[in-house]
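Observations on the model geometry
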Amino acid sequence: MSKTTDPVICLDGPSGVGKGTICLAVAEKLGWHILDSGSLYRIAALQVSRHFPDVEVESIKESQIVDIASKLSVSYGQKNSELAIILDGEDITQLIRNEKIGDKASKIAAIPAVREALLARQRAFLTNPGLVADGRDMGTVVFPQAVLKIYLTASPEERAERRYKQLKDKGIDVILCDLVEELRQRDERDMNREAAPLKPASDAIIIDTTTLDIKQVTDEVMDWVSQRVIQDIN
Ligand code: DC
């Protein structure tokens, strides 16, 4: 059962900073649940592109996008220590992990009514014993009561490089300089929108991960967890 007193750790930050990987590692160490909030915007984007193939988001009525976002029949599971995403019985885990869907997700995420439609669904992920949530507005809007808020950053070049490797490993073909430009546009949109823009919460701890590897970032987050969270929930 979800209780507002169940603890939440928020990991926010821009695209390609490694939030998803760190979120999984921290949740695994704690035995807590995870919320990949970006996946909800990506799933909504996938559904929008299926309903309106080859139509730009700007040309679709907002009410139609909101309607799609509020009716997602999605469930999450685990596959080879990765998050598996099932939409209406179809495994869409890989389908949503391309830059085209990421870009569309960022565009529909700028619509306040879409964010509103996904809010309760995100909060419902908070169940005992606790939640590690990653996204853009976890600490500022979705879980302002979080026991620990971390904001991860890295230089745009480093983030593009990481995303490039991640996509290549999954067999997805991308061109690095296209990726740099796409990340730049996505950052700009996510940071400058009016509804829940990407920014650190006033009580967030900022970690620059540019020169750190996954283990170093996980260790640093876990240090904060020991200092702030374990004491708090004991
Ligand atoms: O984290 P991601 O790359 O999967 O997210 C895809 C897009 O979804 C991102 O560019 C902006 C949007 N998003 C958001 O607006 N708020 C969140 N909490 C998570 C993602």
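Structure's up top.
Small disclaimer: the values here were computed from a predicted structure and weren't measured.

1. Here we look at the site of the ligand
Inspection of the region around the ligand gives 15 residues, with Arg42, Arg115, Arg186, Asp190 and Arg193 positioned closest. Here an oxygen atom of the ligand sits 2.8 Å away from a polar atom, N or O, in the side chain of Arg115. Between Asp190 and the ligand, the recorded distance is 2.8 Å, taken from a side-chain N or O atom to an oxygen atom. Notes on the ligand: free accessible area 440 Å², of which the protein chains cover 97%. Sort the elements by how many residues they give to the shell around the ligand and helix H2 (residues 37-51) lands first, with 4 residues. For the shell around the ligand, the per-class residue count stands at 4 nonpolar, 4 polar and 7 charged.

2. Looking at the packing of aromatic side chains
The way to describe two aromatic rings as a pair is by their centre distance and the angle between their planes. Within this structure, the stated rule accounts for 1 aromatic pair. When the centroid spacing of 5.5 Å and the interplanar angle of 75° are considered together, the rings of Tyr76 and Phe125 count as edge-to-face. Taken together, the positions of Tyr76 in strand S3 (residues 74-79) and Phe125 in the loop between helix H5 (112-123) and strand S6 (131-135) put the pair 49 residues apart, joining distant regions of the chain.

3. A look at the nonpolar core
Phe143 and Val221 are the most contacted members of the largest nonpolar core, which totals 61 residues. The element best represented in this core is H2, accounting for 7 residues. Setting aside chain neighbours within four positions, we find Phe143 in contact with Val8, Cys10, Leu35, Gln122, Arg123, Leu126, Leu131, Ala133, Met138 and Lys149.

4. Description of the environment of Pro197
Along the chain, Pro197 turns up in the loop between helix H8 (176-192) and strand S8 (205-208). It is 7.4 Å that separates the C-alpha atoms of Pro197 and Arg136, two residues lying 61 residues apart in sequence. Once residues within four sequence positions are removed from consideration, Pro197 is found in contact with Asp190 and Met191.

5. Observations regarding the sheet that holds S8
As summarised here, the arrangement of the 5 strands in space is S2-S6-S1-S7-S8, forming an open sheet in which the pairing is parallel. Whereas interior strands pair on both sides, the edge strands pair on one side only; in this sheet they are strand S2 (33-36) and S8. Neighbouring strand axes in the sheet, compared pairwise and without regard to direction, differ in orientation by 20° on average. With 4 bridges joining them, strand S7 (residues 148-153) and S8 adopt parallel strand pairing. Each residue of the ladder has a partner; that of Leu152, found in S8, is Ile207. Across the sheet, helix H1 (residues 19-30) is in contact with strand S1 (8-12), S2, S6 and S7; its angle to S6 comes to roughly 180°.

6. Notes on the sheet that holds strand S4 (residues 82-87)
One open sheet holds the 3 strands; their spatial order is S3-S4-S5, and the pairing between them is antiparallel. Either end of the sheet is taken by a strand with one partner, and the two such strands are S3 and strand S5 (90-91). Sheet topology note: the S3/S4 ladder contains 6 bridges and is antiparallel. Bridge assignment links Val74 to a residue of S4, and that residue is Leu87. Sheet strands in contact with H2 are S3, S4 and S5, and its direction is about 35° off that of S4.

Reading the values: rules and limits
- Residues numbered from 1 in each chain as written.
- Predicted model: local features only at pLDDT ≥ 70, side-chain atom pairs only at ≥ 80, totals over all residues.
- Heavy atoms only, no water.
- Near = heavy atom within 4 Å.
- Polar contact = N/O pair within 3.5 Å; in protein donor to acceptor, adjacent residues only side chain to side chain.
- Areas by Shrake-Rupley, 256 points an atom, 1.4 Å probe, with all protein chains shown as cover.
- Helix = DSSP H or I, 4+ residues; strand = E, 2+ residues; numbered from the N terminus.
- Nonpolar A, V, L, I, M, F, W, Y, C, P; charged D, E, K, R; others polar.
- Phe/Tyr/Trp six-rings, centres within 6.5 Å; stacked < 30°, edge-to-face > 60°.
- Core = buried A, V, L, I, M, F, W, Y, C linked by side-chain atoms within 4.5 Å.
- Buried < 20%, exposed > 50% of the residue type's maximum accessible area, 1.4 Å probe, protein only.
- Contact = heavy atoms within 4.5 Å.
- Pairing = 2+ DSSP bridges.
- Axes fitted to C-alpha atoms, helices over the stretch in contact; angles between N-to-C directions.

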